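# Structural overview for review
Residues per chain are reported as follows:
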Amino acid sequence: MEIKKSIPELEESIRVLREEIDKEESKEEKAKLFIELGNNYLLLSERDDPRNNLTNALIAFDEAEKLSESEFVEDNVEYMKGFLFFKLAFIEDRNYNLTKSIEHYKNALRFRTKEKNPYKYASLRYNLGNAYLSLRDGNEKENILRAIDEFNEAYEIRKEQKNSLEFGVISNALGLSYLMLSEITNDPKEAVSYLINALSYFSDAGEVFVKDKYPIDYAMIHNNLGVCFTRLAFLGKDKEKNFKEGIKHYKKSLEVYTENDFPDDYGTTMYNIGLAYHNLSKIAPMPLKAEHLKNAEEHLKASANTFTGADRTDFYSRANYNLGVVYKELAEIYKKNEFFEKELETFKNALEGFDEEKTPFAYATAHFYIAQAFYALGKKEKALSHYKEAERVAEKFDKKLASDLENIIRQIEAL
C-alpha cells in the first residue's frame, strides 16, 4: 500500500533533489532528477497551492527536456506535460491548457506504442479521450466523437480483462460520452441510438464497480443507467418498461446515496424517481395510476425536504413544483380538499425559487395552479388574484397564454 508523503516531507524531498541537481554533472542523470523533481511538485500540488506547484512541475520537466534526448526522458516529459496541462485546465485557461495537454499526449504516442507496451498505450489513449471530452470550445459534438475514438482504442486493449478496474473506468468513460451525445442532438432517433450505446458501456462498467469494492462508483453507474432508461422512456421507447428500469437503477444508487452521507445526490435521485413515477402514472389505468402518483408524492416530498436552505432554492422549487402537479392530479382523482390544500402549499413553496424575469413560465404556471386550487376550494377572490398575476407575466412571453388566462378571469368575474 502506497504511503502518501506529508507536505513537509514533500518539501524536504524537493529541497534535497535541488541540491542533488546542483551537484550532478551528467546531463542524463540530471534530467532524471528533474523528472523526479517534477513528480514531487505534482504530488505537492494535490495538497497545497495547486497552480503554483503544477507550474513548478512543468518547469522541472522543461529542464529535463533541455538536458536529454533519450527516449526515457522524452517519453516521461511528454506524457507528464500532458497530464499537468490537463490538471491546470481546471484551474485556469481551460481550453488553452487542454489543447496543450492534447498536444503533449499526442507527442507521447511516438514512444508509448501499442506494440511496445499495450497497457501504457491504452492509458495514454484514455487520457487523450478525457482531454477531448473536457474541451469547451464550441465544437462539442466533434470533441465527444474524438474522445470516443480515443476511448475505443483503450477499450479494445482492455476488453480481454473485463474484471479489471481499467476496463471499468474506460467503459464508464464511453458510457458518459454517448450519454453526452444524446443530450446535444436534436434528432430523436440519433438520441435513442446514443442512449443504447451508453447503456451497453455502463452495463460493462457495472460488472466491475460492485458495491462492496467500489461503493461510490457503483452508485454513479446505477444513477447513469437510471438516466439512460428514463430518457429512452421520455423519447417514447417502451415507456412503461424503461421508466421501471430507470427506477430500479436509481433505487440501487440510493443504497449508497443516503440522505446523511450524500444529501445532494440523495435529493436529486429521489427527484428523478419521483418524476419517473409521475410519468408512469400518465400511461397507467386506475387504480395503478393513483399508486404511481402516491409513489411520486413520496419521492418528490423527500427531495424537496432535502433541498432546503438559501443556496438550494432552485432544486427546492423544482421539487415542489412537480410535487404540486402530483397533488393537482391526486385532487382530480379523489376530489378531496386535502389535496387542493397540499397543492397550494407546494406551489407557494415553489415560488420561493422562481422569478418572473429569469423563470417566467414556471412563475406564471405556479400562479395558475395556485389559482385553480383556490377556485376548487371556493375562494374566488384569491383565485382571481393569482390568475391575474399569471396573466400579467404571461403577457411578456406568450400572448396566446395571456389571452386564454384573460378569458378565464372574465368568466370567473362574470359568475
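I will try to describe carefully the structure that is included in this document. (Residues numbered from 1 in each chain as written. Predicted model: local features only at pLDDT ≥ 70, side-chain atom pairs only at ≥ 80, totals over all residues. Heavy atoms only, no water.)

### Comments concerning helix 3 (residues 50-67)
Which entries qualify depends on this criterion: Secondary structure elements are taken from DSSP: a helix is a run of H or I of four residues or more, a strand is a run of E of two residues or more, and numbering for both begins at the N terminus. Multiply 1.5 Å by the residue count of a helix minus one, and that product is the helix's expected span. Residue exposure (1.4 Å probe, protein chains only): buried if accessible area is under 20% of the type maximum, exposed if over 50%, otherwise partly exposed. To be clear, the arc concerns the directions from the helix axis to the C-beta atoms.
Here helix 3 is 18 residues long and its end C-alpha atoms lie 26 Å apart, about the 26 Å a rise of 1.5 Å per residue gives. Considered for burial, the residues of helix 3 that qualify are Asn 53, Leu 54, Ala 57, Leu 58, Ala 60, Phe 61 and Ala 64. Taken down its axis, helix 3 places every buried residue within 160 degrees of arc, on the same side.

### Notes on the packing of helix 12 (residues 263-281) against helix 14 (residues 313-334)
For the record, the criterion: Inter-axis angles, ranging from 0 to 180 degrees, are taken between N-to-C directions of lines fitted to C-alpha atoms, where helices are fitted over the stretch in contact. Oblique is the label for any angle not covered by the other classes, which are roughly parallel (under 35 degrees), roughly antiparallel (over 145) and roughly perpendicular (65 to 115). The handedness criterion is simple: a crossing whose near helix is rotated anticlockwise from the far helix by less than a right angle is left-handed, and one whose near helix is rotated clockwise is right-handed. Whether two residues are in contact is decided by their heavy atoms: any pair within 4.5 Å suffices. The classification used treats Ala, Val, Leu, Ile, Met, Phe, Trp, Tyr, Cys and Pro as nonpolar, Asp, Glu, Lys and Arg as charged, and all other residues, Gly among them, as polar.
Where helix 12 meets helix 14, the closest approach of the two axes is 11 Å, and the angle between their N-to-C directions is 25 degrees. Comparing the axis directions of helix 12 and helix 14 gives the class roughly parallel. The handedness of the crossing between helix 12 and helix 14 comes out as left-handed. Residue-level contacts link Tyr 271, Leu 275, His 278 and Ser 281 of helix 12 to Arg 318, Ala 319, Asn 322, Val 325, Val 326 and Glu 329 of helix 14. Class assignment of the residues belonging to the contact of helix 12 with helix 14 gives a composition of five nonpolar, three polar and two charged.

### Focus on unusual backbone geometry
Pro 287 follows Met 286 through a cis peptide bond whose omega is 0 degrees. With respect to the helices and strands, the residue Pro 287 is situated in the loop between helix 12 and helix 13 (288-306). In this structure, Asp 93 is a non-glycine residue whose phi angle is positive, near 45 degrees. On the secondary structure map, Asp 93 appears in the loop between helix 4 (71-88) and helix 5 (94-108). For Asp 93, a relative accessible area of 52% translates into the label exposed. The backbone of Asp 238 shows a phi angle near 45 degrees, a positive value even though the residue is not glycine.

### Some thoughts on the pattern of salt bridges
Quick note on the threshold: We count a salt bridge whenever a side-chain nitrogen from Lys or Arg sits within 4 Å of a carboxyl oxygen from Asp or Glu.
Within this structure, the stated rule accounts for 33 salt bridges. With its nearest N and O atoms 3.9 Å apart, the salt bridge here joins Glu 153 to Lys 114. With a gap of 39 residues between them, Glu 153 in helix 7 (residues 140-158) and Lys 114 in the loop between helix 5 and helix 6 (118-134) connect regions that are remote in the sequence. The class for Glu 153 is partly exposed, based on a relative accessible area of 27%. One salt-bridge network, in which partners are shared between bridges, spans Glu 356, Glu 357, Glu 389, Arg 392 and Lys 396.

### Brief notes about the nonpolar core
Selection rule: By nonpolar core we mean a set of buried residues, namely Ala, Val, Leu, Ile, Met, Phe, Trp, Tyr and Cys, connected to one another through side-chain atoms within 4.5 Å.
Leu 37, Leu 174 and Tyr 178 are the most contacted members of the largest nonpolar core, which totals 101 residues. Beyond its immediate stretch of four places on either side in the chain, Leu 174 contacts Ile 148, Phe 151, Asn 152, Tyr 155 and Tyr 201. One finds Tyr 321, Tyr 363, Ala 394 and Leu 405 within the second-largest nonpolar core, a separate group that totals 26 residues.

### As for the packing of aromatic side chains
To be explicit about the condition: Two aromatic rings, drawn from Phe, Tyr or Trp (for Trp, its six-membered ring), form a pair once their centres lie within 6.5 Å of each other, and the interplanar angle then sorts them: stacked below 30 degrees, edge-to-face above 60, tilted otherwise.
Tallying each qualifying case throughout the model produces 19 aromatic pairs. Taking the centre distance of 5.5 Å and the plane angle of 85 degrees together, the rings of Tyr 321 and Phe 347 count as edge-to-face. With Tyr 321 in helix 14 and Phe 347 in helix 15 (residues 337-350), the pair connects residues that are 26 residues apart, well separated along the chain. Judged by relative accessible area, which is 15%, Tyr 321 ranks as buried. Relative to Tyr 387, the ring of Phe 368 has its centre 5.8 Å away and its plane inclined at 65 degrees; by these criteria the two rings are edge-to-face. Within this pair, whereas Phe 368 is found in helix 16 (residues 360-376), its partner Tyr 387 is found in helix 17 (residues 380-397), the two being separated by 19 residues in sequence.

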